[in-house]
Amino acid sequence: MALAQSKRSGGLRVTAKQGIDSSLPPTGLLLIGMGPGRLSGMTSEALEAAKSADVRRYEAYTALWPQHELESLEQVIGSIQKVMRPEVEQPDILFDLARTSLVALMVVGDPLQATTHVDLQLQAAEAGIECRTFHGVSITTLVTGAIGLSNYKFGRQTTLTYPYGGWVATSPLEVIAANLQQNLHTLALLDLDPTGEGVGRQVPMKPHDAVVSLKLMREKLAQSVADMSVETALQTMRVEACNALLKQRFDLMPVVLCSDMGTDEQRVVTTTVGKLGAIDGGRLNCLVFPSNPSEVEEKALLRWQRGVMDDV
């Protein structure tokens, strides 16, 4: 793939490649969606914008691309520097660069699926920095269709976190419980930072780690549910949902393991929480907790039962 040639003209940067022209500002911030995990999954518009940037930063704390794909991307668009949570949530350095050059902040998936980047847009506007967005395929839209569940029947998504320093969050399990109570499926992303600091040393959570965290959450929720407030109808519903979840056989709860979605290594396995820990998973994993599936959804999930289509 030939690299683009660029020039500044009349306050705009005009980038031309194989007859395709796109106008970008000479300075500013570009939020670029990288898609799920491979070069071929990026839009041509996103690649053109990344090539045209003077500075490229790769946000590496919410999700990660395979190293070989990153290297392929660099061969196409130029060098990329990794940044972590502090540089994005406190964007002084990014903004200083964006005042005098065109800066690309590259985000796995879609850059506006996380509130951090919406806030970044607002901060850029307040600072007088032009900010443009180039969307990408997000795990939140990819998973639902890929496994065969209706996107309309998903409730609030959540992230299963590591027990940071012995502290266990029960909110992810509360989200799952509330969704199940309303007959809604749940997408649960898996943490990749055991420190909770977002500064590096990522260790993407494996299925076994997820089971450990889920069990710790359940134990803590069982101890704390009696003390939850029931002053409002919403709070009452949450407590009822948590109690209903606690009465279930936790090890028999159905779950769908989705590994390396959108890549050549993509794999889907329908199993239970009790059997989940014995599955290796992939480089990056997420879970779907289905509610009461329709007949079509149930047939779709049967395709991924372990031992039926393990290598899909």
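Everything numeric in this text was worked out from a predicted model, so none of it was measured.

Next up on the list: the sheet that holds strand S4 (residues 28-33). Spatially, S6-S5-S7-S4-S8 is the arrangement adopted by the 5 strands of the open sheet, whose pairing is parallel. In this open sheet, the two edge strands, each paired with only one partner strand, are strand S6 (81-83) and strand S8 (131-134). Mean inter-strand twist for the sheet, computed between neighbouring axes without regard to direction, equals 25 degrees. Summarising the sheet, strand S5 (residues 55-59) and strand S7 (residues 102-107) pair through 4 bridges and their orientation is parallel. Paired with Arg-57 across the strands is Leu-105, a residue of S7.

Another aspect to go through is unusual backbone geometry. The phi dihedral of Asn-183 falls on the positive side, at around 60 degrees, and the residue is not glycine. Mapping Asn-183 onto the fold places it in the loop between helix H7 (171-181) and strand S10 (186-190). Positive phi outside glycine occurs at Asp-260, with the angle close to 50 degrees. Counting through the fold element by element, Asp-260 comes out in the loop between strand S11 (254-259) and strand S12 (267-272).

What follows is about the nonpolar core. Core analysis: the largest hydrophobic core is formed by 44 residues, its most contacted members being Ile-32, Tyr-58, Leu-73, Leu-105 and Met-106. Going through the elements one at a time, S4, helix H1 (44-52), S5, helix H2 (67-77), helix H4 (92-98), S7 and helix H5 (115-126) are the ones with two or more residues in this core. Apart from the residues lying within four places of it in its own chain, the contact partners of Met-106 are Ile-32, Met-34, Met-42, Ala-50, Arg-56, Arg-57, Tyr-58, Glu-59, Leu-73, Ile-77 and Ile-80. Ranked by size, the runner-up nonpolar core spans 31 residues in total, among them Met-217, Val-225, Phe-250 and Val-255.

This part takes up the packing of H7 against helix H9 (residues 233-247). Look at H7 against H9: their axes get within 8 Å of each other, and the N-to-C directions meet at 95 degrees. By the angle class used here, H7 and H9 are roughly perpendicular. Together, Leu-173, Glu-174, Ala-177, Ala-178, Leu-180 and Gln-181 of H7 and Met-237, Arg-238, Glu-240, Ala-241, Cys-242, Ala-244 and Leu-245 of H9 make up the contact between the two elements.

Right, let's talk about the sheet that holds S10 for a bit. Spatially, the 5 strands line up as an open sheet ordered S9-S10-S13-S11-S12, and their pairing is mixed. The open sheet has two free edges, formed respectively by strand S9 (158-160) and S12, since each of these has just one partner strand. Averaged over all pairs of adjacent strands, the angle between strand axes in this sheet comes to 30 degrees, irrespective of strand direction. Of the pairings in the sheet, the one linking S11 to strand S13 (residues 285-289) comprises 4 bridges and is antiparallel in character.

Every other side chain in a regular strand lies on the same face of the sheet, so the side chains alternate between the two faces. Most of S11 sits inside the fold, with 5 of its 6 residues counted as buried. Sheet analysis places S11 next to S12, joined by 6 bridges and oriented antiparallel. Pairing of Ser-259 across the sheet is with Arg-267, part of S12.

Now for H1. Of all 9 residues in H1, 7 are buried; the element is thus mostly enclosed. Buried within H1 are the following residues: Ala-46, Leu-47, Glu-48, Ala-49, Ala-50, Lys-51 and Ser-52.

So, about the confidence of the model for the protein. Averaged over all residues, the pLDDT of the protein equals 88, while 88% of them reach at least 70. Every residue in residues 1-10 scores below 50 in pLDDT, and together they form 26 contacts with partners more than four places removed in sequence or on other chains. Confidence drops under a pLDDT of 50 for residues 14-21, and excluding neighbours within four residues, the segment shows 20 contacts in the predicted structure.

Along the chain, the position of Thr-140 falls in helix H6 (residues 139-147). With 49 residues separating them in the primary sequence, Thr-140 and Leu-189 have C-alpha atoms 9.1 Å apart. Non-local contacts of Thr-140, meaning those with residues more than four positions away in its chain, are made with Gln-113, Gln-157 and Leu-187. A polar contact of 2.9 Å, which involves the side chain of Thr-140, links it to the side chain of Gln-113. In terms of polar contacts, Thr-140 uses its side chain to reach the side chain of Ser-138, at 2.9 Å.

What counts, and where the lines are drawn
- Residues numbered from 1 in each chain as written.
- Predicted model: local features only at pLDDT ≥ 70, side-chain atom pairs only at ≥ 80, totals over all residues.
- Heavy atoms only, no water.
- Pairing = 2+ DSSP bridges.
- Helix = DSSP H or I, 4+ residues; strand = E, 2+ residues; numbered from the N terminus.
- Axes fitted to C-alpha atoms, helices over the stretch in contact; angles between N-to-C directions.
- Core = buried A, V, L, I, M, F, W, Y, C linked by side-chain atoms within 4.5 Å.
- Buried < 20%, exposed > 50% of the residue type's maximum accessible area, 1.4 Å probe, protein only.
- Contact = heavy atoms within 4.5 Å.
- Parallel < 35°, antiparallel > 145°, perpendicular 65-115°, else oblique.
- pLDDT = per-residue confidence, 0-100.
- Polar contact = N/O pair within 3.5 Å; in protein donor to acceptor, adjacent residues only side chain to side chain.

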